Structures are given as structure tokens and as C-alpha cells.
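Okay, here's what each chain looks like letter by letter:
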Amino acid sequence: MPESMGWLWIAAAVIAGYLIGNIHGSTIAGRLSGVNLKETGVKNAGASNAAIVLGKKYGALVAAIDIGKGAAAVLLARGIATSAGLGPEASALLVFAVAAATILGHNFPFHMGFNGGKGTATVIGVLLGFDWKIGIVGLALLIIVSLATDFLVFGVLMLYVTFTVTAVVFAAGIGPDLIAAGLFAMAIWKHLENFRRMRAGEEKRVSSVFGKKKTA
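From a predicted model like this one, the values you see are computed outputs, not experimental measurements. Residues take numbers from 1 onward in each chain, read along the sequence in its written order. For this predicted model, a pLDDT threshold of at least 70 governs which residues receive local features, and a threshold of 80 or more governs which side-chain atom pairs are given and counted, while totals over whole chains, interfaces and linings are taken from all residues. Processing note: side-chain calculations cover all non-hydrogen atoms of the structure and skip hydrogens and water entirely.

A few words now on the packing of aromatic side chains. Two measures describe an aromatic ring pair: the distance that separates the ring centres and the angle between the ring planes. Aromatic pairing here means that ring centres of Phe, Tyr or Trp (its six-membered ring) are within 6.5 Å. Orientation follows from the plane angle: under 30 degrees is stacked, over 60 is edge-to-face, and everything else is tilted. Taken as a whole and judged by the stated rule, the model has five aromatic pairs. Ring centres 6.1 Å apart and planes at 25 degrees place the aromatic pair Phe 108 and Trp 189 in the stacked group. Here Phe 108, found in the loop between helix 5 (88-107) and helix 6 (120-130), pairs with Trp 189, found in helix 9 (residues 175-190); they are 81 residues apart in sequence, far enough to count as distant. On the basis of relative accessible area, Trp 189 is assigned to the exposed category, the value being 51%. The structure contains a cluster of three or more aromatic residues connected by ring pairs, namely Phe 96, Phe 130 and Phe 163. Geometry around Phe 108 places Lys 190 over its ring, the cationic atom sitting 4.9 Å from the centre. Secondary structure elements are taken from DSSP: a helix is a run of H or I of four residues or more, a strand is a run of E of two residues or more, and numbering for both begins at the N terminus. Type-normalised accessible area, obtained with a 1.4 Å probe on protein chains alone, sets the label of each residue: buried when under 20%, exposed when over 50%, and partly exposed for intermediate values. Sitting over a ring, as applied to charges here, requires NZ of Lys or CZ of Arg to be within 6 Å of the ring centre and within 35 degrees of the ring normal.

With that settled, the discussion passes to the confidence of the model for the protein. The predicted structure's coordinates, where accompanied by low pLDDT, should not be read in detail. For every residue, the predictor states its confidence as a pLDDT score lying anywhere from 0 to 100. Per-residue pLDDT for the protein has a mean of 87; in total, 93% of the residues score no lower than 70. Within the protein, helix 11 (residues 206-209) has the poorest average pLDDT of any element, 76, and helix 7 (residues 132-149) the best, 96. Taken as a whole, residues 212-216 scores under 50 in pLDDT and shows eight contacts with residues more than four places along the chain or in a different chain. Here a residue-residue contact requires only that any non-hydrogen atoms of the pair lie within 4.5 Å.

So, about unusual backbone geometry. A positive phi angle, close to 60 degrees, is found at Phe 114, a residue other than glycine. Inspection of the secondary structure assignment puts Phe 114 in the loop between helix 5 and helix 6. Taking relative accessible area as the criterion, Phe 114 reaches 51% and is therefore assigned exposed. A positive phi angle is found at Asp 150, which is not glycine, with a value near 70 degrees. Its location among the elements puts Asp 150 in the loop between helix 7 and helix 8 (152-170).

By the element assignment, His 24 lies in the loop between helix 1 (3-21) and helix 2 (25-33). Given a relative accessible area of 3%, His 24 falls into the buried group. Distance and chemistry together define a polar contact, namely a pair of N or O atoms within 3.5 Å, with one atom able to donate a hydrogen and the other to accept it when in protein, and with adjacent residues in sequence counting only for side-chain atoms on both sides. There is a polar contact of 3.3 Å between the side chain of His 24 and the side chain of Ser 26.

Within the largest apolar cluster, 40 residues are counted, with the highest numbers of intra-cluster contacts made by Leu 94, Ile 103, Phe 130, Tyr 160 and Phe 163. Every element with two or more residues in this core is listed here: helix 1, helix 4 (56-84), helix 5, helix 6, helix 7, helix 8 and helix 9. In terms of residue count, the dominant contributor to this core is helix 5 (10 residues). Beyond its immediate sequence surroundings of up to four residues, Tyr 160 is in contact with Ile 103, Asn 107, Lys 118, Gly 119, Val 123, Leu 183, Phe 184, Met 186 and Ala 187. For our purposes a nonpolar core is just a set of buried Ala, Val, Leu, Ile, Met, Phe, Trp, Tyr and Cys residues, chained together by side-chain atoms within 4.5 Å.

With that out of the way, let us pick up the pattern of salt bridges. Any carboxyl oxygen of Asp or Glu within 4 Å of a side-chain nitrogen of Lys or Arg constitutes a salt bridge here. Inspection of the entire model under this criterion finds six salt bridges. For Asp 131, the salt bridge goes to Lys 133, with nearest N and O atoms at 3.4 Å. Its relative accessible area of 26% is what places Asp 131 among the partly exposed residues. When the shortest N-O distance is used, the salt bridge between Glu 193 and Arg 197 registers 3.2 Å. Of this pair, Glu 193 and Arg 197 both sit in helix 10 (residues 192-199), separated by four residues, roughly a single helical turn. Here Arg 197 falls in the buried class, since its relative accessible area comes to 17%. One network of salt bridges, in which partners are shared, links Lys 118, Glu 193, Arg 197 and Glu 203.

With axes taken as lines fitted to C-alpha atoms, and helix axes fitted only over the stretch in contact, angles between N-to-C directions fall between 0 and 180 degrees. Between helix 2 and helix 4, whose axes approach to 8 Å, the crossing angle comes to 145 degrees. Crossing geometry of helix 2 relative to helix 4 is assigned as right-handed. Along the contact surface, helix 2 presents Gly 25, Ser 26, Ile 28, Ala 29, Leu 32 and Ser 33, while helix 4 presents Tyr 58, Leu 61, Val 62, Ile 65 and Asp 66. Of the residues that constitute the contact of helix 2 with helix 4, the class distribution is seven nonpolar, three polar and one charged. Left-handed describes a crossing in which the near helix is turned anticlockwise from the far one by less than a right angle; the clockwise case is right-handed. Residue type decides the class: Asp, Glu, Lys and Arg count as charged, Ala, Val, Leu, Ile, Met, Phe, Trp, Tyr, Cys and Pro as nonpolar, and the leftover types, Gly among them, as polar.

Structure below.
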């Protein structure tokens, strides 16, 4: 296949990934509950805010939708890479680019004024799409670190660390490494408000979601 056709496949798949990322579980939860999650709680369109504002059942619904779209996007990217007959490096670049585009679509959806969630559930789905074992490792790190620190933000960052390690260790070429580095920088920037709330003693603790309030 001509190199230009390979880039065309990658570009088309990235656009598709971004659009898939725009499918928000929080929008569905909002329609079912009548509550705009962008205007309540921590004003975030993610599963954690849905759990805080609407309860665990809505949080699970939002998480399921957002995890599903992350996994679906990666599986779609793999199918496209195979159909297009791309080589190892181009295939890895396509899969990681689509994964990142889906996460960015969740975090910066055009229909929310480019201000969506923070990608937690979508990253879990992406990792599961890579390999279910990688997904389990990322999820385990999310839970363990979040419970150990009592702050979800640290667990979420471990998901992005897992994404980065996967790119460096398992993916061919430097493209996935650069994508992972950019995505990790985005994650830090996206969570700056959480760190500010932590310093002010205003950040929601994991224990508070489960009804076990812990003093700051």
C-alpha cells in the first residue's frame, strides 16, 4: 500500500476515534435523571462526578458507557489496521492515535464546548481494548492507589502511567511513545484543579463517596 494511503487511513480513524469519544455516558445519565452534571458537584462530565451527585448506580452507568466506547474504539482501530494492510509501526501508530483521540473526544467534546470529563473510564476501556490483562492491571492500580491515598486523582494518573508503559514496552516505533507522553501531560493539566482543591482541603475523598467521611 502507498505510504500516503496509510496516512489517510490513520487520519480517518483518528477522526472516528474523536467522534466516538464524544459519546458521553454523563449525557445519558443527565437525561435519565434530569440533572446536568456539568452544573453540579465538581462540574465534571465523568463517572466519578455522576457517583458523587447521583449515586453509585448512575456512576456505574456512566462508567460502563465510557469504558465501552474506549474499548470499542481500540478494537475498531485494530480492525482498520488489519483491513488496510498496515505494517507493525503504522498499525501501532494508528491504534494509539485512535485511543488518544477517543480520550481527547471524551475530555474535549465539541458538543460541550470542548469541556468534558477527565477520561478515567475511557482510559480503562482503551487499556482493556489493548489487552484485557493490561486493563486489569490499570484498574487494579487505580483502585489500590485511590484507596491508599483516599484521592481518586492519584489513581487516575496511574491509568495514564499504564498507558505510557504499554506504549513504550509493547508498541512498535516512537509514535506511540510520543502520543503517550502528550496524553500524560494533558492528564496532569486536566487535574490541576483537583490538586488546587486538595491544597485548599476541598477535594472529595474516596471515603466520602462510600459514606465514610475522613477528616482532612
